[in-house]
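Below, each chain spelled out in residue letters.
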Amino acid sequence: MKIIHFSDTHLGYNDLDVLNEENINQREADFYDAFSQVVEQIKQIKPDFVLHTGDLFHRSSPSNRAITFALEQFKIINALNIPFILIAGNHSTPRTNLSSPILKIFENFENIYVSYNQEYKKVEFADAIFHTLPHMNDETTALSQIELCEANIDKSKKNIMMMHCSVGASYLMQEFGEWVFPHAKEYLFNEMDYVALGHWHGFGHVGKHENVYYSGSTERTSLNDKRNSKGFVEINLDDATNSKTASLFHMPRSIEFKEIKIRPIVQKELDCEDYENALIDASDTEDAIVEVKLINLTPLQSIDIQNTDIKKLFPHAMSVSIKREFKLGTNDTELSDIEALSLEEFFLEHIKEDANEKEYDRLKGKVQELFAKYEEARDDSL
Ligand SMILES: [Mn+2]
């Protein structure tokens, strides 16, 4: 039995002020691309089941574009005649009972099984049972639902559990309303052939449990997530686990992480101690999200070195962000030099970095006018 497990696709997420040729936020498009790559792999691998463990959409009320994209992709998956089972994560669960859960829109696809009402749902086939536990807002309800899951284990079939939660406190995402799976119920994992988890955005198995896996997200929802390896899990379960001899000679399961191609994040460091001669290798930054850290900066250099100059070093990057780290023990004369630069001049320098010439000229007039008014008002009040 072959299963594909993916998760946390966060459709509709957008970030950074970059548009692509179709005028769609580039990062939003990246998330659609990642999802399409998994669907492409599903077509090729032709597994027996496909699992998605939550946070399909980034928001509980996604944009029209995100919904349209998902419906198009689900139509493709549905046409493959492979059962596709998905559960709600914290991002797709409304916080009040007033709004309708978005996953409901997939109810009418014949090969798609959705689980979202903060309750246990058993999805059963001839040879496998999928025990789905979607995101739970309430811990007491959660416990009763886990017990329901326990009562439905049937050893004559494969048992696969699906959840969107943090197992213990180790996989918390610092988000609102996360569900932590109770430690006292972890023994249940031993009864399962595989436990598919969503919520944590990195791939890996959980502690000592060799059958409990987070597939990770298919893209990064934060630039703090520096992982360049994203993808899905391919699980092969031995079809003959009921026979003792078979399990002696075969692995009961094999679990393999399959990488997809995502936009890389590349970090660079520029030592300003010797700024003039600093060489930077930009060869690995094509289409990348580049983060440059200027280190050992003096305050004067910080005014001299403009962000536009740094950005020019990476002409083929998708985006460049710059962090400035000052040298410790900068001497006082330099600091007083900076104070000599008026706020007006400093502000204009700042505008110059991002605006084109025409825009700069227009803003310059405005800024000078405003500063003049401010000076006047100040003089009056003295
Ligand atoms: Mn997530």
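For the structure itself, look to the data block above.
This structure is a prediction, so every number in the text was calculated from the model and none was measured.

### Overview of the pattern of salt bridges
Two side chains with opposite charge may pair up if their charged atoms get near one another.
And step 1. Within the structure shown, the criterion is met by 19 salt bridges.
And step 2. In this structure, the salt-bridge partner of Arg27 is Glu219, at a minimum N-O distance of 2.7 Å. Of this pair, Arg27 sits in helix 1 (residues 26–45) while Glu219 sits in the loop between strand 12 (212–214) and strand 13 (230–237), and the two are 192 residues apart along the sequence.
And step 3. For Arg27, a relative accessible area of 1% gives the class buried.
And step 4. Looking at Glu219, the relative accessible area reads 1%, which means it is buried.
And step 5. Close ionic contact of Glu124 with Lys122 constitutes a salt bridge, the shortest N to O distance being 3.5 Å.
And step 6. Each of Arg27, Asp30, Glu219 and Arg263 takes part in a single network of salt bridges with overlapping partners.

### A short note on a negative patch on the surface
And step 1. On the surface, Glu269, Asp271, Asp274, Glu276 and Asp304 cluster together to form a negatively charged patch.
And step 2. Residue placement: Glu269 occurs in strand 15 (residues 265–271).

### A short note on the packing of helix 1 against helix 2 (residues 64–79)
Each packed pair of helices is defined by two parameters, the angle between the axes and the distance between the axes.
And step 1. Between helix 1 and helix 2, the least distance of the axes is 11 Å, while the angle of their chain directions is 5°. Taken together, the axes of helix 1 and helix 2 are roughly parallel relative to one another. From helix 1, Glu28, Tyr32, Phe35, Ser36, Val39 and Lys43 reach across to helix 2, where they touch Arg65, Ala66, Phe69, Gln73, Phe74, Ile76 and Ile77.
And step 2. Looking at the contact of helix 1 with helix 2, its residues break down into eight nonpolar, two polar and three charged.

### Side note on the sheet that holds strand 4 (residues 112–115)
And step 1. Reading across from one edge, 4-3-2-1-13-14 is the order of the six strands in this open sheet, with mixed pairing throughout. One side of each edge strand has no neighbouring strand; the edge strands of this open sheet are strand 4 and strand 14 (253–260). Along the sheet, successive strands turn relative to each other by an average axial angle of 20°, direction set aside.
And step 2. Lying over the sheet, helix 1 contacts strand 1 (2–6), strand 2 (49–52), strand 13 and strand 14, oriented at roughly 180° with respect to strand 1.

### Examining the packing of aromatic side chains
And step 1. The full count for this structure, using the stated rule, is 22 aromatic pairs.
And step 2. For the ring pair Phe74 and Phe106, a centre distance of 4.0 Å and an interplane angle of 20° mean the geometry is stacked. Of this pair, Phe74 sits in helix 2 while Phe106 sits in the loop between strand 3 (84–87) and strand 4, and the two are 32 residues apart along the sequence.
And step 3. For Phe106, a relative accessible area of 0% puts it in the buried group.

### Looking at the side chain of Lys230
And step 1. By the secondary structure assignment, Lys230 is in strand 13.
And step 2. What makes Lys230 buried here is its relative accessible area of 1%.
And step 3. A polar contact of 3.0 Å, which involves the side chain of Lys230, links it to the side chain of Ser217.

### Focus: the sheet that holds strand 10 (residues 194–198)
And step 1. Strand order in the open sheet made by the six strands is 5-6-7-10-12-11, with mixed pairing throughout. Each edge of the open sheet is held by one strand with a lone partner, namely strand 5 (121–124) and strand 11 (204–205).
And step 2. In the sheet, strand 7 (residues 158–164) pairs with strand 10 via five bridges, with the strands oriented parallel. Across the sheet, residue Met163 finds its bridge partner in strand 10, namely Leu197.

### Re the coordination of the manganese ion
And step 1. Within the protein, Asp8 (OD), His10 (NE2), Asp55 (OD) and His201 (NE2) serve as the donor atoms for the manganese ion, at 2.1 to 2.4 Å.
And step 2. Going along the chain, you hit the donors of the manganese ion in the pattern D-x1-H-x44-D-x145-H. In this pair, Asp8 sits in the loop between strand 1 and helix 1 while His201 sits in the loop between strand 10 and strand 11, placing the two residues 193 residues apart along the sequence.
And step 3. Its relative accessible area of 0% is what places Asp8 among the buried residues.

### Quick look at the nonpolar core
And step 1. Core analysis: the largest hydrophobic core is formed by 33 residues, its most contacted members being Leu56, Phe57, Phe74 and Phe106.
And step 2. Elements supplying a minimum of two residues to this core: strand 1, helix 1, helix 2, strand 3 and strand 4.
And step 3. It is helix 1 that contributes the most residues to this core, seven residues altogether.
And step 4. Tyr120, Cys165, Phe181 and Met192 belong to the second-largest nonpolar core, a separate cluster that totals 21 residues.

Calculation notes
- Throughout, a residue's number is its position along its own chain's written sequence, starting from 1.
- Only residues with pLDDT of at least 70 are given local features in this predicted model, and only at 80 or more are side-chain atom pairs given and counted; all residues enter the totals for whole chains, interfaces and linings.
- Water and hydrogen atoms play no part in the side-chain values, which are based on all heavy atoms of the structure.
- Salt bridge criterion: a side-chain nitrogen from Lys or Arg within 4 Å of a carboxyl oxygen from Asp or Glu.
- Helical segments are the DSSP runs of H or I of at least four residues, strand segments are the runs of E of at least two, and each set is numbered from the N terminus.
- Per-residue accessibility, obtained with a 1.4 Å probe over protein chains only, is compared with the maximum for each type, and a residue is labelled buried under 20%, exposed over 50%, and partly exposed between these values.
- Like charges are joined within 9 Å and nonpolar side chains (Val, Leu, Ile, Met, Phe, Trp, Tyr) within 5 Å, but only among residues with over 30% relative accessible area and no salt bridge; these make up the patches.
- Accessible surface is estimated by sampling points in the Shrake-Rupley manner with a 1.4 Å probe; for residues, cover comes only from the protein chains shown.
- Positive residues here are Lys and Arg, negative ones are Asp and Glu, while His and the chain termini are left out of the count.
- Taken as the charge centre is NZ of Lys, CZ of Arg, CG of Asp or CD of Glu, depending on the residue.
- As a rule, the C-alpha atoms of each element are fitted with a line to give its axis, helices using only the stretch in contact, and angles between N-to-C directions run from 0 to 180 degrees.
- What sets the label is the angle itself: under 35 degrees gives roughly parallel, over 145 gives roughly antiparallel, 65 to 115 gives roughly perpendicular, and the rest give oblique.
- By definition in these notes, contact holds between two residues if any of their heavy atoms fall within 4.5 Å.
- Under this grouping Gly is polar, as are all residues other than the nonpolar Ala, Val, Leu, Ile, Met, Phe, Trp, Tyr, Cys and Pro and the charged Asp, Glu, Lys and Arg.
- Two strands pair under a simple rule: DSSP has to find at least two bridges between them.
- Two rings belonging to Phe, Tyr or Trp (six-membered ring only in the last case) form a pair when the distance between their centres is within 6.5 Å. Interplanar angles under 30 degrees mark stacking, angles over 60 mark edge-to-face geometry, and anything in between is tilted.
- Each polar contact in these results corresponds to two N or O atoms within 3.5 Å; when the atoms are within protein, one needs to be able to donate a hydrogen and the other to accept it, and residues that are neighboring in sequence are counted only if both atoms are side-chain atoms.
- Listed donors are limited to N, O and S atoms within 2.8 Å of the metal, widened to 3.2 Å for Na, K and Ca; water is not among them, so incomplete-looking sites are possible.
- For the purposes of this section, nonpolar cores are sets of buried Ala, Val, Leu, Ile, Met, Phe, Trp, Tyr and Cys residues that join through side-chain atoms within 4.5 Å.

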